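Inside the fold
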Amino acid sequence: MANNQETVGGAKGMKVAFIGSECYPFIKTGGLGDVMYALPRALLRQGCEVRVMMPCYRCIPEKYRNQMNYIGSFMMNLTQDGRSFYVGIMEMELDGVTYDFIDNREFYDWGNPYTGLWEDIPKYCYFSKASLAALNYMDWIPDVIHCHDWQAALVPVYLRTLFSVTPVGAARSVLTIHNLRFQGICSIDHLKYWTGLPDFLFDYSVFKVNDCEANMFKGGLAYTDRITTVSETYAGEIQTDFYGEGLNSHLWYHRAKLTGIVNGIDIDIWNSRTDKLLPAPYGTEDVLSAKRENKKALQERLGLAVDENKLVIGLISRLTDQKGLDLIDAVFTQIADDGVQVVILGTGDARYENAFRYYESTYPGQVCAYIKYDESLAHQIYAGSDALLVPSLFEPCGLTQLIAMRYGTVPIVRETGGLKDTVEPYNEYTGEGNGFTFDQYRADLLLDAVRRAEQVYYGNRARWNAIVTRDMEKDVSWEHSADLYLKLYEELKG
Ligand code: ADP
């Protein structure tokens with residue numbers, strides 16, 4: 001407690017700017033959006049002053065656009081040939097956090113918010129530079145600039161080069177890897193043109209990948225003061241060939257400044273007791289009866305056979321290779337033939353969308369493939385399912401297993417990245433553990449994990465219920481991780 005109080009005291013006056021491409025509730029396509037929302041709030045509770053900077057996309061809902069105030073605008077040189085671009089700053093405050101939206105209609109009037117790398121590279125070169133210029137313009141100089149993923153990876157490079165002798169140049173930088181698969185790779189000429197950065201940066205130690213290509217993430221990782229990623233296991237994994245996405249040697253070289261800090265979830269949004277989207281909100285004391293009601297409502301809504309005794313397995317995911325869907329595809333028939341119900345919510349690759357639609361038509365009343373992005377249904381699936389499947393090929397942290405646990409839904413996961421760090425395997429001898437896990441990326445092992453879950457659910461309900469309660473009681477909030485970030489910022493501030 002004393003320690004905690006010290007931290008809170010130390011945080012007073014710490015100024016942190018978050019720079020990233022998405023943030024809930026304005027725009028969210030995945031876990032990055034959740035983190036950009038929840039971590040600033042957790043830091044605010046610790047006494048920090050936090051500003052979040054993101055692009056002013058046209059697709060931000062009107063109700064938020066209407067609350068934004070115009071702060072100012074200026075022209076900014078960007079490209080190699082000195083073209084200058086308009087930078088507008090729109091601002092709003094939400095629960096104590098200030099949000100600054102970088103406005104430029106040429107870049108942000110279309111897309112959702114990503115379109116294709118060819119257009120996204122200029123968009124985020126502009127965004128990174130404009131964010132620093134906006135901090136100078138507003139005369140709000142943070143102690144630490146916390147950048148997220150490749151879209152903000154140029155910030156540390158600009159900070160130590162073109163901005164080093166400007167006021168914002170006094171700030172230190174942290175770059176967080178949420179997902180290394182996406183890096184912002186393009187031709188050297190394209191990046192040189194859009195960044196206007198000097199030639200010496202297009203070297204193998206910074207941007208250069210090969211004779212033709214440059215990599216924005218690589219440059220940011222070289223120039224940032226600290227690198228974090230979203231779990232300790234992933235921090236180790238990305239220094240290996242298999243998970244390193246071509247940057248493993250670069251990350252190994254910079255390993256002294258790399259740490260893993262696991263994500264939390266916002267426990268106000270993900271609160272089964274107060275969740276207005278649930279037919280029957282619940283806490284640990286009434287989880288068993290309420291989950292039966294939520295399951296019934298889910299089955300009715302999705303056209304599944306209403307049966308409280310069926311094990312319902314949920315899957316809420318982007319439908320891409322990363323998420324281990326080929327494993328599910330390989331053993332789907334066996335899982336379905338066991339008689340369990342499966343609910344899929346997700347969008348992504350046509351290959352997986354079509355496979356799940358096919359299973360829905362093959363197993364009517366037993367399988368539902370809801371191929372959409374739907375926040376409200378997501379809440380109902382977390383509450384109404386018994387188990388949630390996350391068999392990812394790689395998973396930097398993963399939020400769905402954390403949300404599932406908070407809702408008393410037992411995760412079935414592959415032991416990789418944050419899944420390994422957050423789900424303790426069920427031990428059939430002691431009854432301990434939070435979920436069912438498998439290690440190697442093999443469909444037979446996934447099937448085995450699902451069947452172990454079925455055995456406990458159908459064969460030893462008391463044990464199952466104990467896992468449910470334990471999951472709900474697990475601390476998946478941001479508080480501990482926010483402390484760790486704060487310590488990191490304090491070290492940097494010196
Ligand atoms: P990633 O960032 O790799 O997509 P995470 O597990 O970190 O995966 O975060 C996924 C987030 O997106 C979770 O909040 C999850 O509930 C949400 N989500 C994913 N797909 C959908 C969907 N189709 N509808 C609603 N929410 C979704």
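Note that this is a predicted model, so its numbers are computed, not measured.

1. So, the domain arrangement of the protein
As assigned here, the protein comprises domain 1 (2–264 + 479–493) and domain 2 (284–473). On a C-alpha basis, the centroid separation for the pair domain 1 and domain 2 is 33 Å. Taken together, the contact between domain 1 and domain 2 spans 21 residues of the former and 17 residues of the latter. Summing both sides of the interface, domain 1 and domain 2 together bury roughly 1,400 Å²; the carbon and sulfur share of this comes to 58%. When the buried surface of domain 1 facing domain 2 is broken down by residue, Arg181, Thr233 and Tyr243 rank first, second and third, together holding 26% of it. Remark: the boundary between domain 1 and domain 2 carries one salt bridge. Of the charged contacts in the structure, one is a salt bridge between Glu375 and Lys28, with a shortest N-O distance of 3.5 Å.

2. Re the packing of aromatic side chains
In total, this model carries 33 aromatic pairs according to the counting rule given. Residues Trp270 and Tyr382 carry aromatic rings whose centres are separated by 5.3 Å and whose planes lie at 80° to one another, so their mutual orientation is edge-to-face. Residue Trp270 is located in the loop between β11 (258–260) and α11 (287–302), and its partner Tyr382 is located in helix α14 (residues 375–384); the two are separated by 112 residues in the primary sequence. Residues Trp270 and Tyr382 agree in their burial class; the two are buried. Through pairs of rings, three or more aromatic residues link up here, namely Tyr57, Phe85, Phe107, Tyr108, Tyr126, Tyr193 and Trp194. For the cation-ring pair, Lys372 lies above Tyr370, with the distance from its terminal atom to the ring centre recorded as 5.3 Å.

3. Concerning the environment of Val87
On the secondary structure map, Val87 appears in strand β4 (residues 84–94). Given the relative accessible area of 0%, Val87 is considered buried. Separated by 15 residues in sequence, Val87 and Ile102 have C-alpha atoms that sit 6.6 Å apart.

4. So, the sheet that holds strand β1 (residues 15–19)
Pairing within the open sheet is mixed, and its nine strands lie in the order β3-β4-β5-β2-β1-β6-β7-β10-β11. Both outer strands of the open sheet, β3 (69–77) and β11, are each paired with one neighbouring strand and no more. Strand-to-strand twist of the sheet, defined as the mean angle between neighbouring strand axes without regard to direction, takes the value 25°. Two strands pair when backbone bridges link them, and strand β2 (residues 49–55) and strand β5 (residues 97–103) are joined in this way by five bridges, in the parallel orientation. Across the sheet, Met53 pairs through a bridge with Asp100, a residue of β5. Lying over the sheet, helix α2 (residues 31–45) contacts β1, β2, β4, β5 and β6 (144–148), oriented at roughly 160° with respect to β2.

5. A few points about helix α19 (residues 479–493)
Over its 15 residues, α19 extends 21 Å from the first C-alpha to the last, a length consistent with the 21 Å expected when each residue adds 1.5 Å. Turning to α19, its buried residues number three or more, namely Ser481, Ala482, Asp483, Tyr485, Leu486, Leu488, Tyr489 and Leu492. Directly beyond the C-terminal end of α19, a positive phi value near 75° is found at Gly494.

6. Regarding the site of the ligand
In the neighbourhood of the ligand, 21 residues make up the surrounding shell, with Gly31, Arg318, Lys323, Tyr382 and Leu399 lying closest. Contacts to the ligand include Lys372, whose backbone N or O atom sits 2.9 Å from a nitrogen atom. One of the backbone N or O atoms of Thr400 is found 3.4 Å from an oxygen atom in the ligand. Coverage of the ligand by the protein amounts to 93% of the 560 Å² it exposes when considered alone.

7. Section: helix α7 (residues 188–195)
Judged by how many residues are buried, α7 sits mostly within the fold: seven of eight residues are covered. Buried residues of α7: Ile188, His190, Leu191, Lys192, Tyr193, Trp194 and Thr195, and no others.

8. Observations regarding the pattern of salt bridges
The tally for this structure, following the rule as stated, stands at 26 salt bridges. For Arg301, the salt bridge is made with Asp374, and the minimal N-O distance between the two is 3.8 Å. Remark: Asp374 occurs in the loop between β14 (367–370) and α14 and Arg301 occurs in helix α11; sequence separation between them is 73 residues. For Arg301, a relative accessible area of 38% corresponds to the partly exposed category. We note a salt bridge from Arg357 to Glu353, for which the minimum N-O separation is 3.9 Å. Separated by four residues within a single helix, Arg357 and Glu353 lie in helix α13 (residues 350–362), roughly one turn from each other.

9. Quick notes on the pairing of β14
Judged from the four bridges that link them, strand β13 (residues 341–345) and β14 form a sheet pairing that is parallel. Opposite Leu345, over in β14, you have Tyr370 as the bridge partner. In this fold, the crossover linking β13 to β14 by way of α13 has right-handed handedness.

Parameters at a glance
Residues numbered from 1 in each chain as written. Predicted model: local features only at pLDDT ≥ 70, side-chain atom pairs only at ≥ 80, totals over all residues. Heavy atoms only, no water. Domains from an automatic or database assignment. Contact = heavy atoms within 4.5 Å. Buried area = accessible area lost by both parts, 1.4 Å probe. Salt bridge = Lys/Arg side-chain N within 4 Å of Asp/Glu carboxyl O. Phe/Tyr/Trp six-rings, centres within 6.5 Å; stacked < 30°, edge-to-face > 60°. Helix = DSSP H or I, 4+ residues; strand = E, 2+ residues; numbered from the N terminus. Buried < 20%, exposed > 50% of the residue type's maximum accessible area, 1.4 Å probe, protein only. Lys NZ or Arg CZ within 6 Å of the ring centre and 35° of its normal. Pairing = 2+ DSSP bridges. Axes fitted to C-alpha atoms, helices over the stretch in contact; angles between N-to-C directions. Expected span 1.5 Å × (residues − 1). Near = heavy atom within 4 Å. Polar contact = N/O pair within 3.5 Å; in protein donor to acceptor, adjacent residues only side chain to side chain. Areas by Shrake-Rupley, 256 points an atom, 1.4 Å probe, with all protein chains shown as cover. Right-handed = clockwise from strand over helix to strand, strands pointing away.

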